[in-house]
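# Coordinate inspection notes
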Amino acid sequence: MPEATTTAPAPAALSLKYGEAINAALVRLLTEVPETLLYGEDVAKPGGVFGVTRGLRRRFGDRVFDTPISESAILGSAIGAALMGRRPIVEIMWADFSLVALDQLVNQAANARYVSRGEAPAPIVVRTQQGNAPGACAQHSQSLEALFLHVPGLRVVMPWTAQDGYDALLAAGHSDDPVIVIENRTLYAGEKTEVRIDGSPRPAGWTTVRRPGRDVTVATWGAITARVLAAAERLAADGLEVEVVELTWLNPLDLTAVLDSLGRTGRLAVVHEANVTGGFGAEVLARVAESGVPLSTAPVRIGTPDSRIPAAPSLAEALVPSVDAIAAQLTKLVQEKP
Amino acid sequence: MGDAQVLDTTRGLADLHGLWRIRILEEKVRELRLSGEIVGSVHLAIGQEAGPVGVCTELGADDAVFATYRGHGWALARGVPADAMLAELAGRTTGLNGGRGGSAYFTAPRYGFHGENSIVGAGAPIAVGAALAGKYDGSGRIAVTVFGDGALNQGATHEALNFAAAFKLGVVFVCENNLYSELTPIADMVAEPELHKRAAAYGMPGERVDGNDPAAVRDAARRAVERARAGEGPTLLELMTERLVGHYIGDAEQYRPPGEVERAKQAEPIVRLRAALAAAGVTDADLDASESRAREEIEQAAGTALAAPIADGATAKEHIYA
């Protein structure tokens with residue numbers, strides 16, 4: 001028998017944009033987890049430079065607050081508060097800015113659990129956004145996931161859909177590990193979609209087959225998934241079926257989903273927005289190679305060439321893999337003789 | 001000590017014992033490092049014992065201390081058992097962190113000692129967070145972050161000072177100014193060697209304290225702690241002290257002018273406090289007992305520590321994730 005509730009149940013689904021979905025997850029965490037604190041530069045009274053945290057200060061008072069422009073103090077204080085039992089969620093406005101305080105992520109947060117043998121973990125959530133968009137400059141456009149992924153102790157998730165944005169934040173807020181949630185500002189202004197906001201937090205590590213196909217597996221993540229899907233649509237018109245596996249979580253990584261797909265296709269391409277050298281695509285390829293799953297052609301990495309990212313849209317677009325470029329490389333891969 | 005008439009000899013004897021415990025622990029650490037039981041970089045605080053002894057008596061169990069790699073003395077003053085600390089330094093299973101922290105990065109949260117830190121200045125923002133948590137969790141917790149003079153030239157420390165001041169957080173910033181930033185004189189690296197003056201720029205009190213006098217340290221710490229507990233915000237204390245040893249064990253100290261260490265030895269905390277207590281009428285027997293009790297404790301702790309098994313390599317990958 002269900003117990004009588006005294007409050008009206010929240011609607012099970014809402015029509016939300018990507019940023020609104022993340023806002024909804026923050027509302028839920030602030031409501032359900034009293035230890036949650038939310039802070040960062042311009043997140044409270046202004047509601048965030050991208051509006052993601054709008055309305056939360058008014059609703060939750062001083063558990064949501066603005067900070068000085070001090071990334072070391074933001075991340076370090078989050079660690080200290082987490083050590084004392086709070087659940088801090090902090091925003092680093094642009095992923096590029098995390099570099100001024102990398103010590104707090106790499107030397108401090110990632111070490112806390114390990115050095116104390118689990119006695120003093122620092123479960124912080126770092127929300128940030130990255131990637132190229134028209135008008136960005138070289139210090140506001142980098143894709144840095146591989147940097148974080150090289151650090152044992154940190155979790156990394158890169159949600160692409162509004163639903164995944166919601167689920168990722170909720171999972172991160174309940175995680176006992178430090179989690180870096182990497183959003184992408186090109187997604188904030190996207191369409192509204194149905195987002196389920198009830199139910200238990202989804203366990204970290206999910207992967208989604210966004211499109212089934214038999215000819216080639218593309219493992220991808222983040223905002224560039226949209227371009228991969230557009231390329232796949234175009235190739236389908238030519239009779240080439242691309243299976244698109246979106247790795248929402250890069251740590252923990254669900255490699256099995258990639259291997260399962262390769263069992264069906266026998267060909268692998270990795271597509272990411274980040275630079276190719278040392279990118280996480282290299283890691284996915286290496287793990288596939290180590291798994292021994294047979295491939296009928298050599299795998300390829302499709303990413304931004306090892307360049308800085310320029311400001312002018314025409315220059316940046318020449319570097320970041322386009323739908324055309326992705327489609328061309330996938331065609332070439334499939335046409336290679338086994 | 002200055003004024004022997006007002007010396008509280010009971011308090012003074014307790015302080016002397018506290019100084020000796022740290023001094024003898026550090027001497028034991030040096031011995032074990034030289035014999036090879038402890039390996040790697042070890043930073044002793046011989047000569048700097050008055051800081052932890054003076055500050056820690058003002059703290060409660062919920063308060064959080066964040067120290068640096070020169071933190072053995074702060075841990076001991078916080079109540080961390082010497083045997084578990086020595087076991088940690090010697091890489092034993094019974095060490096505070098089972099050998100994961102070592103001499104420069106161990107942590108003992110259950111004693112309110114939230115770690116050493118091997119990154120200069122990094123502990124200050126973390127301490128700010130511990131105080132921040134105290135604002136929300138009803139504990140009334142304050143945080144103490146300890147760092148050297150060199151750390152005041154690190155960006156993270158400035159961010160922490162400003163953050164704590166802007167939000168009136170209960171943080172006591174304790175700068176142990178031993179005149180050297182690792183191997184380089186602080187005076188060569190700043191235009192204003194009175195580091196406590198920086199506090200004014202952040203809108204908090206700053207005070208230079210005789211860091212070789214536990215009573216003077218305690219008085220200053222009490223003012224800072226009271227201010228922090230009252231919600232009035234942080235304080236920067238600059239404890240003037242000198243280390244009687246190198247930056248690390250093996251440091252040849254060629255950068256120190258001749259005679260400097262010898263002069264420092266005349267002004268070091270134990271010599272001074274012992275003389276003051278003797279002048280105040282404490283007997284040699286009582287003074288000697290303070291040392292011998294400490295020596296007995298540390299000897300026993302070292303025996304216990306070294307009798308424990310070496311940390312098991314099979315456990316090395318545990319506790320990376322929840």
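Residues numbered from 1 in each chain as written. Chains lettered and ligands numbered in written order. Predicted model: local features only at pLDDT ≥ 70, side-chain atom pairs only at ≥ 80, totals over all residues. Heavy atoms only, no water.

An unreviewed UniProt entry annotates chain B as Pyruvate dehydrogenase E1 component alpha subunit of Kribbella amoyensis.

The condition is simple: UniProt positions are given in the numbering used here, feature names are shortened, and annotations may be inferred rather than shown by experiment.
Going by an unreviewed UniProt entry, chain A carries the name Pyruvate dehydrogenase E1 component beta subunit and comes from Kribbella amoyensis. Its UniProt record gives chain A a comment under Cofactor (unreviewed entry), which states: "thiamine diphosphate".

### A word on the overall build of chain B
Spelled out, the test is: Secondary structure elements follow DSSP: runs of H or I no shorter than four residues count as helices, runs of E no shorter than two count as strands, and numbering proceeds from the N terminus. The size measure is the radius of gyration over C-alpha atoms, and the globule rule it meets is 2.2 Å times the number of residues to the 0.38 power. What makes two residues a contact is simply this: any of their non-hydrogen atoms within 4.5 Å. Method for areas: the Shrake-Rupley scheme with a 1.4 Å probe, in which residue coverage is limited to the protein chains shown. Only four residue types enter the charge count: Lys and Arg as positive, Asp and Glu as negative, with His and the chain ends excluded. For this purpose, a charge sits on NZ of Lys, CZ of Arg, CG of Asp or CD of Glu.
For chain B, the helix and strand inventory stands at eleven helices and seven strands. Taken against the 2.2 N^0.38 rule, which gives 20 Å for 322 residues, the C-alpha radius of gyration of chain B at 19 Å falls within 12% of a compact globule. Each of the three principal axes of chain B carries a C-alpha extent, and together these read 55 × 50 × 40 Å. Within chain B, counting contacts between residues at least 6 apart in sequence, those at least 24 apart form 72% of the total. Of the roughly 12200 Å² of accessible surface on chain B, 51% is carried by carbon and sulfur atoms. The average position of the 31 basic charges and that of the 44 acidic charges among the side chains of chain B differ by 3 Å.

### Description of the overall build of chain A
Selection rule: Three exposure classes are used, based on accessible area relative to the maximum for each residue type with a 1.4 Å probe and protein chains only: buried under 20%, partly exposed in between, and exposed over 50%.
Of regular secondary structure, chain A possesses twelve helices and 14 strands. Whereas a compact globule of 338 residues would reach a radius of gyration of roughly 20 Å, chain A reaches 20 Å, a difference of no more than 12%. Across the 338 residues in chain A, those meeting the buried criterion constitute 59%. A fraction of 81% describes how many contacts in chain A between residues 6 or more apart in sequence connect residues 24 or more apart.

### A few points about the UniProt feature "domain: Transketolase-like pyrimidine-binding" (unreviewed entry) in chain A
Feature annotation in UniProt places "domain: Transketolase-like pyrimidine-binding" (unreviewed entry) on residues 16-190 of chain A, given in this structure's numbering. Secondary structure within residues 16-190 of chain A divides into 39% helix and 16% strand; the distance between the first and last C-alpha atoms comes to 9 Å.

### Details of the UniProt feature "domain: Dehydrogenase E1 component" (unreviewed entry) in chain B
Mapped onto this structure's residue numbering, the UniProt feature "domain: Dehydrogenase E1 component" (unreviewed entry) falls at residues 26-310 of chain B. In residues 26-310 of chain B, the share of helix is 42% and the share of strand is 11%. The end C-alpha atoms are 21 Å apart.

### What to know about the domain arrangement of chain A
Residues and elements named next belong to chain A. Worth spelling out the cut-off: In this entry, domain limits derive from an automatic or database-based domain assignment. Reported buried area values correspond to the accessible surface (1.4 Å probe) lost by two parts on association, with both partners' losses combined. Any Lys or Arg side-chain nitrogen located within 4 Å of an Asp or Glu carboxyl oxygen qualifies as a salt bridge. Think of a polar contact as two N or O atoms within 3.5 Å of one another; within protein, one of them needs to be a possible hydrogen donor and the other a possible acceptor, and neighboring residues in sequence only count if both atoms come from side chains.
If you check the domain split of chain A, you get domain 1 (13-196) and domain 2 (208-335). Domain 1 and domain 2 are separated by 26 Å when their C-alpha centres are compared. Tallying the contact residues gives 28 residues for domain 1 and 28 residues for domain 2. For the pair domain 1 and domain 2, the two sides together bury roughly 2100 Å², of which 58% comes from carbon and sulfur. Where domain 1 packs against domain 2, one counts one salt bridge. Counting across the interface, domain 1 meets domain 2 through ten residue pairs in polar contact (both at pLDDT 80 or more).

### Overview of unusual backbone geometry
Cis peptide bonds are those with omega within 30 degrees of zero, and the linkage from A:Asn251 to A:Pro252 qualifies with 5°. Tracing the backbone through its elements, the reader meets A:Pro252 in the loop between strand S12 (249-251) and helix H9 (255-265). With phi around 55°, B:Glu253 is a residue other than glycine that occupies positive phi space. Among the secondary structure elements, B:Glu253 is positioned in the loop between strand S7 (235-240) and helix H9 (260-266).

### Looking at the packing of aromatic side chains
As a reminder, the rule being used: What counts as a ring pair is set by centres within 6.5 Å for rings of Phe, Tyr and Trp (its six-membered ring), and what kind of pair is set by the plane angle: stacked under 30 degrees, edge-to-face over 60, tilted for all other angles. The criterion is that NZ of a Lys, or CZ of an Arg, lies within 6 Å of the ring centre and within 35 degrees of the ring normal, and then a charge sits over that ring.
Counted under the stated rule, the structure contains eleven aromatic pairs over all chains. A centroid spacing of 5.8 Å and a plane angle of 50° characterise the contact between A:Tyr18 and A:Tyr188, whose relative ring orientation is tilted. Note that A:Tyr18 is positioned in helix H1 (residues 18-32) and A:Tyr188 in helix H7 (residues 185-188), a separation of 170 residues in sequence. With respect to class, A:Tyr18 is no different from A:Tyr188; both count as buried. Ring centres of A:Phe65 and B:Phe167 lie 5.6 Å apart, and the angle between their planes is 80°; this geometry places the pair in the edge-to-face category. Of the two residues, A:Phe65 sits in strand S3 (residues 64-66) while B:Phe167 sits in the loop between helix H6 (155-166) and strand S3 (171-177), which places them in two different chains. Ring pairs connect the aromatic residues A:Tyr18, A:Phe50, A:Trp94, A:Phe97 and A:Tyr188, which therefore count as one cluster. Positioned above the aromatic ring of B:Tyr321, the side-chain terminus of A:Arg155 is 3.8 Å from the ring centre. Directly above the aromatic system of A:Tyr114 lies the positively charged group of B:Arg100, at a separation of 4.5 Å from the ring centroid.

### Looking at the sheet that holds strand S10 (residues 216-220) of chain A
All names here are of chain A. Note the threshold: Whether two strands pair depends on DSSP finding at least two bridges between them. Under this scheme, a helix contributes an axis fitted over its contacting stretch, all axes are lines through C-alpha atoms, and angles between N-to-C directions fall in the 0 to 180 degree range.
What the five strands build is an open sheet, ordered S9-S11-S10-S13-S14; its pairing is mixed. Each of the sheet's edge strands pairs with one partner strand only, and the pair in question is strand S9 (207-211) and strand S14 (300-304). Here the strands of the sheet are splayed against their neighbours by 25° on average, with no regard to which way each runs. When S10 meets strand S11 (residues 242-247), the two strands line up parallel, connected through five bridges. When the sheet's bridge partners are listed, Thr 217 is paired in S11 with Glu 243.

### Section: the pairing of strand S2 (residues 143-148) of chain B
Within a regular strand, the side chains alternate between the two sheet faces. Residue and element names in this part refer to chain B. Of all six residues in S2, five are buried; the element is thus mostly enclosed. Where strand S1 (residues 64-66) and S2 come together, three bridges link them in parallel fashion. Bridge pairing links Ala 64 to Ala 143 in S2. With six bridges joining them, S2 and S3 adopt parallel strand pairing. Considered in S3, the bridge of Val 146 is made with Val 174.

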